[in-house]
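# Breakdown of the fold
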Amino acid sequence: MEANAWMEQAEQAILHTYNRYQIVLERGEGVYLYDTNGKKYLDFAAGIAVQALGYGNKEYNDALKTQIDKLLHTSNLYYNQPTIEAAKKLCEVSGMERVFFTNSGTEAIEGAIKAAKKYACEKDGTTNHEIIAMEHSFHGRSLGALSVTGNAHYREPFEPLPGIVRFAEYNNLSSVESLVNEKTCAIILETVQGEGGIYPASEEFLTGVKQLCQEHGILLILDEIQCGMGRTGHMFAWQGYGVKPDIMACAKALGCGVPVGAFLMTKEVAESSLKPGDHGTTYGGNPFVGAAVSKVLDIFKEQKITAHVQDISVYLEEQLEQLKKDVPMIGARRGLGLMQGLELKPDVPAGEISRKSLEQGLLLITAGNNVLRFVPPLVIEKEHIDEMAGILRKIFSEYE
Ligand SMILES: *Cc1c(COP(=O)(O)O)cnc(C)c1O
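So, how was this worked out
- Residues numbered from 1 in each chain as written.
- Predicted model: local features only at pLDDT ≥ 70, side-chain atom pairs only at ≥ 80, totals over all residues.
- Heavy atoms only, no water.
- Pairing = 2+ DSSP bridges.
- Helix = DSSP H or I, 4+ residues; strand = E, 2+ residues; numbered from the N terminus.
- Axes fitted to C-alpha atoms, helices over the stretch in contact; angles between N-to-C directions.
- Contact = heavy atoms within 4.5 Å.
- Salt bridge = Lys/Arg side-chain N within 4 Å of Asp/Glu carboxyl O.
- Buried < 20%, exposed > 50% of the residue type's maximum accessible area, 1.4 Å probe, protein only.
- Phe/Tyr/Trp six-rings, centres within 6.5 Å; stacked < 30°, edge-to-face > 60°.
- Lys NZ or Arg CZ within 6 Å of the ring centre and 35° of its normal.
- 1 Å grid on protein atoms, 1.4 Å probe; cavity = no way out; pocket = protein on both sides within 12 Å on 5 of 7 lines; lining within 4 Å.
- Points joined across faces, edges and corners; volume = space filled by probe spheres on them.
- Nonpolar A, V, L, I, M, F, W, Y, C, P; charged D, E, K, R; others polar.

Reading across from one edge, 4-12-11-10-7-5-6 is the order of the 7 strands in this open sheet, with mixed pairing throughout. Two strands close off the open sheet at either side, each with one partner strand: strand 4 (98-102) and strand 6 (164-168). Put simply, the sheet's adjacent strands are angled 20 degrees from each other on average, direction ignored. Two strands pair when backbone bridges link them, and strand 4 and strand 12 (residues 261-265) are joined in this way by 5 bridges, in the antiparallel orientation. Its bridge partner lying in strand 12, arginine 98 is registered against methionine 265. Helix-sheet contacts for helix 4 (residues 81-94) involve strand 4, strand 11 (247-250) and strand 12, and the interaxial angle to strand 4 is about 125 degrees.

Here it is, written out as structure tokens:
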């Protein structure tokens, strides 16, 4: 069947909540994807920062196949080995002490919020605690995660949303400070804002927020769903700042293609928050995803993925800086490691550049209205960065 016919059928059967790019992807190999016409694409989107290891990693695929033949699912009423292994390894690399596995990022945020609220309730015996979140943040699409998402366009049609949430300006400590009161139980933020336009937290800001939390007995929740799992050159972005959260949310590259998320916490939070009966999930942390997470963490260690990101991202930054110098349409570059953004001048539509790059065999996504987002597989090499920069140069040159 032709790609067009597939896309027509999709619109007849799948709820139209995405304006999809007009291709049907079929298979992947390394850092390249192929559509049903056999056209090849260099992938700088990685399934939205998910495919950290690229496509067709043999060790990872073999581990999944083995687990499928052994055991897929048992429910959380019983223990299973792969998930115990995964949890131990995740605690080891994060320095956090307890994990709850979910099926997605938004569920990891739900759990993180519940844990913070329960902790506050255990502490002072009251409810109705408040959360401080950030403008331009993105934490997911379920109602709880939406309640702390700063983008009003995503939020407003679904209001009233649960809980009292106050929004502060990201990277502005006094704006956070001014919202703190005796009911504040948590401050939630992305260590690097993703959807909002690739904004890393400044060091003073993150350190200041942590200090504020400690002074007032407030929990710090860091959303590491996009910026975690090696993307910034540290296993988790906060490790580069030396600011440890009380609760952390993780997903996206955690399973490298298998739907899994997690929220993690310190022992202290764990011991006085969610108890048996307070939270649960049927699928979350089943043996299949456990095997995936466990293998992903093994490969990260064996292949020294974070060290590779530290190396290769220097080259990506250089190339993006050079592009910015040469192309008048580019206003700014921001980012950490392999999570980078090029902000275009206000009259240049990033969506159009992204569609043109697709035509030229480069998958590139946007963040916000006018930012091109670079979140490639963490295993990319210089030659791929050169290929990407060449394609972008060609596209931008057509505008001159
Ligand atoms: C993608 C993302 C989420 C939501 O994750 P889903 O798996 O889509 O539910 C939450 N927070 C951040 C920072 C994200 O990038």
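Two side chains with opposite charge may pair up if their charged atoms get near one another. Taken as a whole and assessed by the stated rule, the structure comprises 18 salt bridges. As a salt-bridge pair, lysine 267 and glutamate 271 come within 3.6 Å of each other at their nearest N and O atoms. Separated by 4 residues within a single helix, lysine 267 and glutamate 271 lie in helix 10 (residues 267-271), roughly one turn from each other. What makes lysine 267 partly exposed here is its relative accessible area of 38%.

What follows covers the packing of aromatic side chains. Taken as a whole and assessed by the stated rule, the structure comprises 4 aromatic pairs. Plain terms: the ring middles of phenylalanine 44 and phenylalanine 374 are 6.5 Å apart, the flat faces sit at 85 degrees to each other, and that makes the pair edge-to-face. Of this pair, phenylalanine 44 sits in the loop between strand 3 (40-43) and helix 2 (46-49) while phenylalanine 374 sits in strand 17 (residues 371-374), and the two are 330 residues apart along the sequence. Phenylalanine 374 carries the same exposure label as phenylalanine 44, and that label is buried. A centroid spacing of 5.7 Å and a plane angle of 75 degrees characterise the contact between phenylalanine 138 and tyrosine 154, whose relative ring orientation is edge-to-face. Note that phenylalanine 138 is positioned in the loop between strand 5 (130-134) and helix 6 (143-147) and tyrosine 154 in helix 7 (residues 152-155), a separation of 16 residues in sequence. Residue tyrosine 154 is classed as partly exposed on the basis of its relative accessible area, which comes to 22%. Across from the ring centre of tyrosine 154, 4.1 Å away, lies the NZ or CZ of arginine 141, which sits over that ring. Positioned above the aromatic ring of tyrosine 315, the side-chain terminus of lysine 382 is 5.0 Å from the ring centre.

What follows covers the layout of surface pockets. Looking at the second largest pocket, its volume works out to about 820 Å³. Asn76, Val99, Phe100, Phe101 and His279 are, among the 27 residues lining the second largest pocket, the residues nearest its centre. Only helix 4, strand 4, strand 12 and helix 10 provide two or more residues apiece to the lining of the second largest pocket. Considering each element in turn, the lining of the second largest pocket owes the most residues, 4 residues, to strand 4. Here the residues of the lining of the second largest pocket are counted per class, giving 13 nonpolar, 10 polar and 4 charged.

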